[in-house]
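Here is how the chains run, residue by residue.
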Amino acid sequence: MAGNVWILGGYQSDFARNLTREGHDFAALTSEAVDMTLAESMIDAADIEVIHVANAFGEMFARQGHLGAMPATVHGGLWDVPATRHEAACASGSVAALAAMADLRAGNYRTALVVGVELEKTVSGDTAAQHLGAAAWTGHEGADATYVWPWMFAQVADEYDRRFGLDETHLHAIAAVNLANARRNPNAQTRDWQLPDLVAHGGDDAVNPPVEGRIRRYDCSQMTDGAAGIVLVNDDFLADHPGVRPIGLIEGWGHRTVGLGLQQKLDRDAESPYLLPHVRTAVHDAFERAGVSLDDVHGFEVHDCFTPSEYLAIDHIGLTGPGESWKAIENGEIEIGGRLPINPSGGLIGGGHPVGASGIRMMLDAAKQVSGLAGDYQVDGARRFGTLNFGGSTATTVSFVIRSADDGH
């Protein structure tokens with residue numbers, strides 16, 4: 001069996017919260033995510049047939065594993081419902097959604113609850129950075145780095161500089177756009193931050209201190225506590241519930257996995273015009289399955305764990321030629337109102353990055369955009385939105401194309 005998979009509804013927690021300070025654990029976070037996702041989707045727990053939970057680092061940050069069983073732990077209506085936990089570093093949420101889609105398209109189930117949960121403020125920032133480093137190729141890269149992931153994406157920026165040249169003002173501009181967008185988003189972690197003028201002062205060590213290499217404070221996404229959830233349904237469910245109105249259709253998807261090591265990837269594809277061609281292939285797999293081109297897409301939520309990862313996304317999506325992402329930045333094409341708004345939600349830099357939840361949050365924001373539910377960060381006329389989610393140094397890459405349900409239901 002094959003067929004369509006629809007997003008019935010979803011929920012995102014407030015990413016500015018510190019759940020440890022509030023005295024909340026994974027049970028409380030999961031309970032909130034499950035209850036509110038079901039409520040926003042207007043579906044009862046009794047109608048959920050399978051659950052997919054995304055979490056990357058529960059054992060490290062909270063000494064809690066076996067999170068697939070947590071929804072039933074906190075919601076009696078989900079007792080006996082089959083559930084599985086998925087881990088793919090920062091792409092955990094997207095692979096959980098892919099697994100749910102496979103269930104629905106196979107006809108195994110008609111409804112799926114997909115929930116991503118992550119606690120990261122249970123420890124100090126330095127300890128949190130060490131925990132997150134487990135998603136790299138441990139023992140093989142980053143041994144001399146104080147902070148592995150800023151160091152890693154500084155290497156990406158350095159490789160762009162080596163091949164094409166790179167003006168760091170364009171990285172500062174990416175951060176400025178995403179942080180400005182976040183001020184429109186009531187769930188964004190940085191929405192109330194007092195921020196410097198990064199376009200004018202992004203290179204000032206006092207204003208924007210260096211972290212690793214050319215990566216500075218505001219080039220980085222945040223340590224975040226948070227959750228996001230969506231309910232997915234197939235055509236059979238909608239046929240039996242003619243009054244139900246989904247908020248989006250998952251029209252296309254792409255999923256590519258390569259080796260853990262960043263240098264391993266760069267060396268293997270040294271002759272390609274693109275730094276990491278599997279990223280481009282994942283996006284274009286999604287376009288091909290959807291039967292669309294970039295010209296048919298009205299915006300993207302991309303994985304800006306650091307500004308170089310968004311710089312990478314811009315040319316790999318195809319908005320510019322290889323190494324020419326700066327053109328789209330200078331021309332305002334990635335801003336709300338531009339040719340292809342990127343991260344109108346604020347992305348990871350502005351919005352926050354609870355690792356296991358980020359892929360699901362992207363999908364939910366894409367669905368909000370195409371259903372006109374994005375509020376102050378709505379992209380006018382959006383009918384089709386893309387997502388691009390990385391795990392590690394793009395070892396796992398997942399892309400979705402989400403279309404307005406009104407165009408196909």
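Residue numbering note: each chain is counted from 1, following its sequence as written. pLDDT decides what is reported in this predicted model: residues at 70 or higher carry local features, side-chain atom pairs at 80 or more are listed and counted, and totals for whole chains, interfaces and linings draw on all residues regardless. Hydrogens and waters are ignored; side-chain quantities use all the structure's heavy atoms.

**Student:** Before we move on, can you summarise the overall build of the protein chain with the specific residues and values?
**Tutor:** If you tally the helices and strands in the protein chain, you get 15 helices and eleven strands. Projecting the C-alpha coordinates of the protein chain onto the three principal axes gives extents of approximately 55 × 45 × 40 Å. Of the roughly 15,000 Å² of accessible surface on the protein chain, a fraction of 46% belongs to carbon and sulfur atoms. Within the protein chain, the 54 negative side-chain charges are centred at a point lying 1 Å from the centre of the 28 positive side-chain charges. Here a helix means four or more residues in a row that DSSP labels H or I, a strand means two or more in a row labelled E, and each is numbered from the N terminus. The Shrake-Rupley method, run with a 1.4 Å probe sphere, supplies the accessible areas, and residue values consider only the shown protein chains as cover. Neither His nor the chain ends is counted toward charge; the positive residues are Lys and Arg and the negative residues Asp and Glu. Throughout, a charge is located at the NZ atom of Lys, the CZ atom of Arg, the CG atom of Asp or the CD atom of Glu.

**Student:** How would you explain the pairing of strand 10 (residues 384-391) if you had to name every residue and give the values?
**Tutor:** Per-residue accessibility, obtained with a 1.4 Å probe over protein chains only, is compared with the maximum for each type, and a residue is labelled buried under 20%, exposed over 50%, and partly exposed between these values. Counting buried residues along strand 10, eight of its eight residues qualify, which places the element largely inside the surrounding structure. The two faces of strand 10 match: R384, G386, L388 and F390 on one face and F385, T387, N389 and G391 on the other face are all buried. Looking at chain direction, strand 9 (residues 300-302) and strand 10 are connected through three bridges and run parallel. Bridge pairing links V302 to L388 in strand 10. Only strands that DSSP links by at least two bridges are regarded as paired with each other. Here eight bridges tie strand 10 to strand 11 (residues 396-403), and the two strands are oriented antiparallel to one another. Looking at the pairing, R384 lines up with R403 of strand 11.

**Student:** Hey, could you go over unusual backbone geometry for me, with residue numbers and the actual values?
**Tutor:** Here the phi dihedral of R63 falls at roughly 55°; this positive angle occurs in a residue that is not glycine. Even without being glycine, D80 reaches a positive phi, approximately 80°. Relative to the assigned elements, D80 resides in the loop between helix 3 (70-74) and strand 3 (83-86).

**Student:** Give me the lowdown on helix 15 (residues 358-370), citing residues and values where you can.
**Tutor:** If you check helix 15, its first and last C-alpha atoms are 19 Å apart, about what 13 residues at 1.5 Å a residue would give, namely 18 Å. Here helix 15 lies mainly inside the structure; 13 of its 13 residues are buried. Downstream of helix 15 by one or two residues, G372 has phi in the positive range, about 70°. By this rule, a helix spans an expected 1.5 Å times one less than how many residues it contains.

**Student:** With reference to specific residues and values, describe the sheet that holds strand 11.
**Tutor:** Within a sheet, neighbouring strands are paired by backbone hydrogen bonds and run either parallel or antiparallel to one another. Strand order in the open sheet formed by nine strands is 3-2-4-7-1-8-11-10-9, and the pairing between neighbours is mixed. Unpaired on one side and paired on the other, strand 3 and strand 9 mark the two borders of the sheet. For this sheet, the mean angle separating the axes of adjacent strands, direction not counted, is 25°. Bridge count between strand 8 (residues 248-257) and strand 11: eight bridges; the pairing is antiparallel. Axis geometry follows a simple rule: fit a line to the C-alpha atoms, using only the stretch in contact for helices, then measure angles between N-to-C directions, giving values from 0 to 180 degrees.

**Student:** Now, about the pattern of salt bridges: what can you tell me, with residues and values included?
**Tutor:** What makes a salt bridge here is a side-chain nitrogen of Lys or Arg within 4 Å of a carboxyl oxygen of Asp or Glu, nothing more. Summed over the entire model, instances satisfying the criterion amount to 21 salt bridges. The partner of E168 in a salt bridge is R214, and the shortest N-O contact between them spans 3.5 Å. Placement of the pair is E168 in helix 7 (residues 168-182) and R214 in the loop between strand 5 (210-212) and strand 6 (215-216), with a sequence separation of 46 residues. Judged by its relative accessible area of 14%, R214 is buried. Members of the salt-bridge network, linked through shared partners, are D158, D161, E168 and R214.

**Student:** Provide a residue-level description of the environment of L319, including the pertinent values.
**Tutor:** Tracing the chain through its elements places L319 in the loop between helix 12 (307-317) and helix 13 (325-330). As for L319 and L294, which are separated by 25 residues in sequence, their C-alpha atoms are 7.6 Å apart. Note on contacts: a residue pair is in contact if any heavy atoms of the two residues lie within 4.5 Å. Discounting chain neighbours no more than four positions away, the residues touching L319 are L294, I314, A328, E333, I334, R339, L340 and I342.

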